Amino acid sequence: MRSRTLPPFTESPPKQQHGLTTSSSNSKLHSVKGHSVLNLNWKSWRLRHHPLTPCQHNAAACHHQQQSCRQQLLLQMQRHRRLVQASILTLIFLLFTTCYNGTSKLARCSIRTTSQSRLILTASHLRIGPDGELRLRIIEHNLRLLLEDRYSDAATSKEADATTTTLRTAATPIAKPIKSIIIFSHDGSESSIQQMLQQWQQGPASGLVDEIKLVPNDAVNVDVSKWISALKSNLHSIRKDNSRVMLLNDSFLLVRNTPELWNDACGGVCGLVWTASRKDTTRHIQSYIRTLSSCEVDNYIEFYERNQHSQNVQELIQKFEVNLDWVHGNVGALFHYAGGHPDADTAQKVLLTHGYPAIKLKKFFETNDPWSHEEEGVRERISPAFEAEVYRRVNHDLNHLSDEKLEEHFEVLGYKEGRIYSRLPLKIKDWMREELVSMDATSTSDGSVGERTLALLEDYLEALNAANEKAVTSSKIT
């Protein structure tokens, strides 16, 4: 009898496959094409439970599959390598952009360093006509005072050199050059504005302005958006030169230069006067003129990027003037708290007699209203001359309030703050006029600073009275 060997399976084959048994009575199975029926049954079972791979069917297909796997793996490795390289390049770029001439912001701001240059950024909104011309006169007046020491740190005092015993004179160039940039938004055609500015820059403002930028008007972010625009475009040079930057607008007149604001020892942010006592949570320095170190410029821009969406001007003032959380260093002021808000009459009188350098253009006048001279307990709650539309139009930070809210504001705060509320004529406060006339300022060809300031205030007041009368007349017609 021919011997039959089992296939080399590690598993035990089933005892029964499709009715076929391995009993001794069926042990002599006939061969079919050289294979036993038993072997065929086992192969059928193996194919069902262990199907052949493509490689077992076709060696060429197996080779092709292996090549395809290798190519896919190679592509994945290349993609991964490119991602790693891109990440490294991004990291290098970020490190590079945060380093200024090899010195990172952390190192630059953690070590107290002296600023090497000064930059003045003036924000203004310009209109064609008398209002725009007056606005340019105000800017020229302030810049002429701020830039009077452009070629000397102390033009009026000679400073001895400890090593050579020579004297520094007014002709000696200063170590901290000043650059002046004005950022205008405007009403009217841009070509008319450019022509107006060109004549002004070549005439009265000659030598006072290095650059003029025209930007869109932002009715909510107003001056802040203008300052940010100029800070961003000059950020590289501010960091490179470690510049101290002065931010100011056209809402005030200077009566003297303010070199103290450029002193790095004043603080990372330096202003004119504190508005309240140390215990008051609203204590701050007003933003119409203040200086920032180069490090605080970075912080100011970063804070703006996160908080630029204000609903109204009042919210903007709270974020960018009253709030000082964005300042990482010290905040300083040239004058201590004067017992009241610096816009109040009592504080103004104290400050101006002690060398305070600025007069706010909305605080030097009063309404010539008989109601204001009556006793508070006797007179009416609100002046009969009060007009909500005038109050809203003149006081831009209140333009979001209803007529009823405007009346409430005037009764509680507005009158005490000296705000314009009617078309009655305005006049310079008597004590303010006396203070300006008596100022002992350096004489010029046009007279003293006090006299020139007073003349400009009178022109401003005349224009303001004319504008109020025109606005009231036009509103009545409509």
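Scoring rules and cut-offs
Residues numbered from 1 in each chain as written. Predicted model: local features only at pLDDT ≥ 70, side-chain atom pairs only at ≥ 80, totals over all residues. Heavy atoms only, no water. Helix = DSSP H or I, 4+ residues; strand = E, 2+ residues; numbered from the N terminus. Contact = heavy atoms within 4.5 Å. Salt bridge = Lys/Arg side-chain N within 4 Å of Asp/Glu carboxyl O. Buried < 20%, exposed > 50% of the residue type's maximum accessible area, 1.4 Å probe, protein only. Disulfide = S-S within 2.5 Å. Phe/Tyr/Trp six-rings, centres within 6.5 Å; stacked < 30°, edge-to-face > 60°. Lys NZ or Arg CZ within 6 Å of the ring centre and 35° of its normal. Arc of directions from axis to C-beta. Pairing = 2+ DSSP bridges. Axes fitted to C-alpha atoms, helices over the stretch in contact; angles between N-to-C directions. Expected span 1.5 Å × (residues − 1).

Q: I'm lost on the environment of Val215 in this one. Help?
A: Mapped onto the elements, Val215 comes out in the loop between strand 9 (211-214) and helix 7 (222-233). Taking the C-alpha atoms as reference, Val215 lies 9.2 Å from Ser225; in sequence the two are 10 residues apart. The residues touching Val215, leaving out its near neighbours within four places in the chain, are Ile183, Phe184, Ser185, Lys226 and Ser229.

Q: It is not clear to me how the pattern of salt bridges should be interpreted in this structure. Could you clarify?
A: Close approach of charged atoms allows side chains with opposite charge to pair. Taken as a whole and judged by the stated rule, the model has 21 salt bridges. Arg127 is paired through a salt bridge with Asp131; the nearest N and O atoms lie 3.4 Å apart. Among the residues examined, Arg127 registers a relative accessible area of 36% and is labelled partly exposed. Relative accessible area serves as the criterion here: at 33%, Asp131 is assigned to the partly exposed category. A salt bridge links Arg433 to Glu458; the nearest nitrogen and oxygen atoms lie 2.8 Å apart. One end of the pair, Arg433, is in helix 14 (residues 430-437); the other, Glu458, is in helix 15 (residues 449-477), and 25 residues separate them in sequence.

Q: Would you mind going over the environment of Glu458 with me for this structure?
A: According to the relative accessible area criterion, Glu458 is partly exposed, its value standing at 34%. For the pair Glu458 and Phe365, spaced 93 residues apart in the sequence, the C-alpha separation amounts to 9.8 Å. Not counting the four nearest positions on each side in its chain, Glu458 is found in contact with Ile428 and Arg433.

Q: How should I be thinking about the state of the cysteines in this particular structure?
A: Throughout the structure, instances matching the rule amount to 1 disulfide. Disulfide pairing is shown between Cys266 and Cys270; the S-S distance is 1.9 Å. Measuring handedness by torsion sign, the sulfur bridge of Cys266 and Cys270 sits at about 75° and is right-handed. By relative accessible area, which is 18% here, Cys266 ends up buried. Accessibility expressed as a relative area gives 0% for Cys270, which makes it buried.

Q: Whenever I open this one, the packing of aromatic side chains confuses me. Can you help?
A: We describe a pair of aromatic rings using the distance from one ring centre to the other and the angle between the two ring planes. According to the stated counting rule, one finds 16 aromatic pairs in the structure shown. Ring geometry for Phe364 against Tyr460: centres 6.1 Å apart, planes inclined by 55°, an arrangement best described as tilted. Taken as a pair, Phe364 in the loop between strand 15 (358-360) and strand 16 (365-367) and Tyr460 in helix 15 lie far apart in primary sequence, 96 residues in all. The same class applies to Phe364 and to Tyr460, which are both buried. For the ring pair Trp371 and Tyr421, a centre distance of 6.5 Å and an interplane angle of 70° mean the geometry is edge-to-face. With Trp371 in the loop between strand 16 and helix 12 (388-394) and Tyr421 in the loop between helix 13 (403-414) and strand 17 (426-428), the pair connects residues that are 50 residues apart, well separated along the chain. Looking at Tyr421, the relative accessible area reads 2%, which means it is buried. Pairwise contacts between aromatic rings join Trp371, Phe386, Tyr391, Phe410, Tyr415 and Tyr421 into one cluster. Here the basic side chain of Arg118 rests over the ring of Trp262, its NZ or CZ set 5.5 Å away from the ring centre.

Q: Help me understand helix 11 (residues 345-352) in this model?
A: Helical geometry note: an α-helix holds 3.6 residues per turn, so side chains three or four residues apart project in the same direction. Of all the residues in helix 11, the buried ones are Ala347, Gln348, Leu351 and Leu352. Across the axial projection of helix 11, the buried residues extend over an arc of 120°, all falling on one side. Residues of helix 11 that are buried make contact with strand 12 (269-273), strand 14 (331-335), strand 15 and helix 14.

Q: Could you clarify how one ought to interpret unusual backbone geometry in this entry?
A: Note: most residues except glycine have negative phi, and most peptide bonds are trans. For Val222, which is not a glycine, the phi torsion comes out positive at approximately 30°. Mapped onto the elements, Val222 comes out in helix 7. Phi at Asn242 takes a positive value of approximately 50°, unusual for a residue other than glycine. With respect to the helices and strands, the residue Asn242 is situated in the loop between helix 8 (235-241) and strand 10 (243-249). Taking the relative accessible area as the measure of exposure, Asn242 reaches 14% and is therefore buried.

Q: What's the story with the sheet that holds strand 14 in this structure? I'm lost.
A: Pairing between the strands of a sheet is mediated by backbone hydrogen bonds and can be parallel or antiparallel. If you walk across this open sheet you meet the 7 strands as 9-8-5-10-13-12-14, and the pairing is mixed. Here the strands that pair on one side only, and so sit at the sheet edges, are strand 9 and strand 14. Along the sheet, successive strands turn relative to each other by an average axial angle of 20°, direction set aside. With 9 bridges joining them, strand 5 (residues 117-126) and strand 8 (residues 178-186) adopt parallel strand pairing. By the bridge assignment, Leu126 is partnered in strand 8 with His186.

Q: Whenever I open this one, helix 6 (residues 190-202) confuses me. Can you help?
A: With 13 residues, helix 6 should cover 18 Å at 1.5 Å per step; its first-to-last C-alpha distance of 18 Å lies within 8% of that length. Elements in contact with the buried residues of helix 6: strand 5, helix 5 (130-146), strand 8 and strand 9.

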